[in-house]
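# Working through the structure, step by step
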Amino acid sequence: MKRTARAFWIDRPGEGRLRETVLPEPADGEVVVRTLWSGISRGTESLVFRGGVPGSQHAQMRAPFQEGDFPAPVKYGYLNVGEVEEGPSDLLGRTVFCLYPHQSRYVVPATAVTPVPDSVPAGRAVLAGTVETAVNALWDAAPLIGDRIAVVGGGMVGCSVAALLTRFPGVRLQLVDADPARAEIAAALGVDFAAPEDALGGCDLVVHASATERGLARALDLLTPEGTVVELSWYGDRRVGLPLGEAFHSRRLVIRSSQVGTVSPARSATRGYADRLALALDLLADPRLDALVTGECAFEELPVVMPLIASGRIPALCHRVRYPQTP
């Protein structure tokens, strides 16, 4: 008897539905995973849902187990937590994280899943992909003890970076966002909050994650001479203007990108992707990170909920998707 599952597909920009799919029989070295939770990373997945991925970035934006092509039809997503139903004995029955789209059950190589530590609830583990991005950003940024740091942009990635920076000793840290509602999340993470006009200047390091031209300009304003902005925003097909005149050169400011998919060159010789993801899952033992999950729905509701998230009618950092808990 063939094994089936249901998956969320974007049929056309702005419209999605659940489709039934037949699963392949698992081969040696593969696992069958029953999904418990998946997560929607609002920024990237809203861009994909709206059909906003530029043609030049179609290859770079592909998710590991994506089906179809941009703009549509496409099955997209990369925050999936499930239970291994079949596979090697050391994984059987384990809760695992996988970079898989929104689908109720799936078959992947055993090497594509990472066991979730017992100290991390399955529902929180959907944040692993974003915390992994934050880990890589901080490998790129290399903050020092006592640094004056701002994180501009209180979205899912920015809040993850700020949460990890609270572990650095002696730093002066602010989360900066134009939305005053982000102050509550900052407080839950143990981070000082400021509106852009009230943020403290003289920063050695600013991590920018607002995906806005105004936010990046403010990030540059906040730097001390020879300070660095680490740019985490993904702008899709938008062009961004920068204030590179005035005192930009005389202050010897630095802007550097942090590539999500590639391990920081400072760590690439000794750390691979698996190391980065395992570290992210270990860091998720911190219960403060529950503040990044700002909404939840049932899997069956996803075709209705996704347009609301993409349009901003449901404000979200990480919106968690709940799957039926019966086999």
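Below: a short report on this structure.

Criteria and cut-off values
- Residues numbered from 1 in each chain as written.
- Predicted model: local features only at pLDDT ≥ 70, side-chain atom pairs only at ≥ 80, totals over all residues.
- Heavy atoms only, no water.
- 1 Å grid on protein atoms, 1.4 Å probe; cavity = no way out; pocket = protein on both sides within 12 Å on 5 of 7 lines; lining within 4 Å.
- Points joined across faces, edges and corners; volume = space filled by probe spheres on them.
- Helix = DSSP H or I, 4+ residues; strand = E, 2+ residues; numbered from the N terminus.
- Nonpolar A, V, L, I, M, F, W, Y, C, P; charged D, E, K, R; others polar.
- Contact = heavy atoms within 4.5 Å.
- Buried < 20%, exposed > 50% of the residue type's maximum accessible area, 1.4 Å probe, protein only.
- Arc of directions from axis to C-beta.
- Axes fitted to C-alpha atoms, helices over the stretch in contact; angles between N-to-C directions.
- Parallel < 35°, antiparallel > 145°, perpendicular 65-115°, else oblique.
- Left-handed = near helix turned anticlockwise from the far one by under 90°.
- Phe/Tyr/Trp six-rings, centres within 6.5 Å; stacked < 30°, edge-to-face > 60°.
- Pairing = 2+ DSSP bridges.
- Right-handed = clockwise from strand over helix to strand, strands pointing away.

## A short note on empty space enclosed by the protein
- In total, this model carries one cavity of 30 Å³ or more according to the counting rule given.
- Considered as a void within the structure, the largest cavity measures approximately 50 Å³ in volume.
- If you go around the largest cavity, the residues you meet are Phe8, Ile10, Glu45, Val48, Val74, Tyr76, His102 and Met306.
- Where the lining of the largest cavity is concerned, the elements lending two or more residues are strand 1 (4–12) and helix 1 (42–49).
- When its residues are assigned to classes, the lining of the largest cavity shows six nonpolar, one polar and one charged.

## With respect to the environment of Leu36
- Looking at the secondary structure, you find Leu36 in strand 3 (residues 30–41).
- Spatially, the C-alpha atoms of Leu36 and Pro324 are 7.3 Å apart, while their sequence positions differ by 288 residues.
- Beyond its immediate stretch of four places on either side in the chain, Leu36 contacts Val81, Gly82, Glu83, Thr95, Ala122, Val321, Arg322, Tyr323 and Gln325.

## Some remarks on helix 4 (residues 182–189)
- The set of residues buried in helix 4 consists of Arg182, Ile185, Ala186 and Leu189. Along the long axis of helix 4, the arc covered by the buried residues comes to 100°, so they all point the same way. For helix 4, the exposed residues set more than 90 degrees away from the buried face come down to Glu184 and Ala187.
- Buried residues along helix 4 sit in contact with helix 3 (156–165), strand 11 (172–176), strand 12 (192–194) and strand 16 (293–298).
- After helix 4 finishes, the residue Gly190 shows a positive phi value of roughly 80°.

## Things to note about the packing of helix 2 (residues 128–141) against helix 6 (residues 273–283)
- Two elements in contact, helix 2 and helix 6, have axes whose closest approach is 8 Å; the angle formed by their N-to-C orientations is 110°. On the basis of the axis angle, helix 2 is roughly perpendicular to helix 6. In this structure, helix 2 crosses over helix 6, and the sense of that crossing is right-handed. Packed against helix 2, whose contacting residues are Ala128, Val131, Glu132, Val135, Asn136 and Trp139, the element helix 6 presents Tyr273, Arg276, Leu277, Leu279, Ala280, Leu281 and Leu283 at the interface.

## Digging into the packing of aromatic side chains
- Applying the stated criterion across every chain yields a total of five aromatic pairs.
- Ring centres of Phe70 and Tyr76 lie 5.7 Å apart, and the angle between their planes is 55°; this geometry places the pair in the tilted category.
- Accessibility expressed as a relative area gives 7% for Tyr76, which makes it buried.
- Centre to centre, the rings of Tyr100 and Tyr106 are 4.1 Å apart; their planes meet at 5°, and the pair counts as stacked.

## Let's talk about helix 1
- The element helix 1 is largely enclosed, with a buried count of six among its eight residues.
- Residues of helix 1 that are buried: Thr44, Glu45, Ser46, Leu47, Val48 and Phe49.
- Following helix 1 by one or two positions, Gly51 adopts a phi angle in the positive range, close to 80°.

## Structural notes on the pairing of strand 17 (residues 318–322)
- The buried fraction of strand 17 is high, at four of five residues.
- In this sheet, strand 17 lies alongside strand 3 in antiparallel orientation, the contact comprising five bridges. The residue bridging Trp37 from the neighbouring strand is Arg322, located in strand 17.
- Pairing of strand 16 with strand 17, which is carried by five bridges, proceeds in the parallel orientation. Opposite Gly295, over in strand 17, you have His319 as the bridge partner.
- You can see the chain leave strand 16, run along helix 7 (residues 302–310) and come back into strand 17, and the turn it takes is right-handed.

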